[in-house]
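Structural features, examined
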Amino acid sequence: MRTLITGNWKMNGEQAWTIKPAGFDKMVPIQARKHVDILLCPPFPYIRELFVASASRNIAIGGQDCHASEQGAHTGEVSAEMLADCGADYVIIGHSERRAGGETDADVQAKAKAAFRAGLTPIICVGETLEQREAGEALSEVESQISGSIPDQADSFVVAYEPVWAIGTGKVASIADIKDMHAHIRELVGAETRILYGGSVKPGNAADILATDNVNGALIGGASLNMADFAAITRAAS
Ligand code: PEP
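Here goes a summary of the coordinates provided.

**Considering helix α8 (residues 175-189)**
Here α8 is 15 residues long and its end C-alpha atoms lie 21 Å apart, about the 21 Å a rise of 1.5 Å per residue gives. Taken together, the buried positions of α8 are I178, M181, H182, H184, I185, R186 and V189. Among the structural elements, α6 (130-134), α7 (138-149), β6 (158-161), β7 (194-198) and α9 (203-210) are those in contact with the buried residues of α8.

This is how it looks when you write it as structure tokens:
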């Protein structure tokens, strides 16, 4: 299974960041990452230009969310079809920052169906809060999110396990906890599905995390804003 290294820029960036794929490619040329898939997920307005700047460099582009509908009266929303039309191959769905704003498993499932409809691969995010982990409910919470968020008739998808308490905090789940959780998710989603870890992945911890059983890549927020860090993580995956 090919490793997938994904950068989630969240609401960061500007027009000038379209030079970043070229900078990354200089640091880790295609030859040096031939067993790794690279994906950047910028804010919506930059998707098309990032796609144009990335296509020849073997870097895929994804959205950070999509609406469940194909089109219509949904002010401010973007459909999966529009992302695909702008060059995206993937879309992140159910990120904890969106779940915290009220997005439910049913919403995430509807968006995953929209992604399939548009020919995109959804990256379906799941993860427990600190309270749930401390109460011994991490595995059951993630299992419940997976069963509620993944459509019964699913095409190819990716799962990102992101403990909520590890996102943007500098705290990382222990290798033992990552191993247990990914083994559990593996049983639920089968052998063909890539399972990413996300939560304060940095150049210094990436090699250990990526070497863990059933970790097929990483979803990276903060460290993906700096191409030198993103490149170092990619090298750790290679
Ligand atoms: C994320 O945005 O999904 C994430 C894991 O962020 P960070 O790497 O900054 O913790």
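Additional details are given in the paragraphs that follow.
**Concerning the nonpolar core**
Core analysis: the largest hydrophobic core is formed by 58 residues, its most contacted members being I5, I185 and Y197. At six residues, the largest contribution of residues to this core is made by helix α5 (residues 105-118). Here Y197 is in contact with Y161, P163, A166, V172, A173, I178, H182, I209, V215, G217, A218 and L219, once residues within four sequence places are set aside. With twelve residues, the next largest nonpolar core counts L39, C41, I92 and C125 among its residues.

**Comments concerning the pairing of strand β8 (residues 217-220)**
Neither face of β8 is exposed, since G217 and L219 on one face and A218 and I220 on the opposite face are all buried. Looking at chain direction, strand β1 (residues 3-8) and β8 are connected through four bridges and run parallel. The partner of L4 across the bridge, within β8, is G217. With two bridges joining them, β7 and β8 adopt parallel strand pairing. Along β8, the bridge assignment pairs Y197 with A218. For the crossover that starts at β7, traverses α9 and ends in the parallel β8, the hand is right-handed.

**Some details on the site of the ligand**
For the ligand, the set of nearby residues contains 14 residues, the closest of which are K10, H95, E162, G168 and S200. One of the side-chain N or O atoms of H95 is found 2.8 Å from an oxygen atom in the ligand. Note that an oxygen atom of the ligand is positioned 2.6 Å from one of the backbone N or O atoms of G168. In isolation the ligand has 290 Å² of accessible area, and contact with the protein removes 98% of it.

**A closer look at helix α10 (residues 227-237)**
Here α10 has its buried residues at M227, F230, A231, I233, T234 and A237. End-on, the buried residues of α10 take up no more than an arc of 160 degrees, which puts them together on one face. Buried residues belonging to α10 abut β1, α1 (20-27), β2 (36-41), α9 and β8.

What counts and what doesn't
- All residue numbers here refer to positions counted from 1 along the written sequence of the relevant chain.
- Reporting of local features is limited, given that this is a predicted model, to residues whose pLDDT is at least 70; pairs of side-chain atoms are given and counted only at 80 or more, and all residues count toward the totals for whole chains, interfaces and linings.
- By convention in this description, side-chain values take in all heavy atoms of the structure and omit both hydrogens and water.
- Secondary structure elements are defined from DSSP: runs of H or I of at least 4 residues count as helices, runs of E of at least 2 residues count as strands, and each element is numbered from the N terminus.
- Here, expected helix span is obtained from the residue count minus one, scaled by 1.5 Å.
- Burial status follows relative accessibility: with a 1.4 Å probe on protein chains alone, a residue under 20% of its type maximum counts as buried, one over 50% as exposed, and anything between as partly exposed.
- Residues are treated as being in contact if the distance between any of their heavy atoms lies within 4.5 Å.
- Residues enter a nonpolar core if they are buried and are Ala, Val, Leu, Ile, Met, Phe, Trp, Tyr or Cys, with the set joined through side-chain atoms within 4.5 Å.
- When DSSP finds two or more bridges between a pair of strands, those strands are recorded as paired.
- When the strands point away from the viewer and the connection leading from the first strand across the helix to the second strand turns clockwise, the crossover is called right-handed.
- We call a residue near a molecule or strand whenever a single non-hydrogen atom of that residue lies within 4 Å of it.
- In protein, a polar contact requires one atom able to donate a hydrogen and another able to accept it; more generally it is a pair of N or O atoms within 3.5 Å, and residues adjacent in sequence count only if both atoms are side-chain atoms.
- To measure how exposed things are, a 1.4 Å probe is used in the Shrake-Rupley method; for residues, cover is taken only from the protein chains shown.
- Directions drawn from the helix axis to the C-beta atoms are what define this arc.

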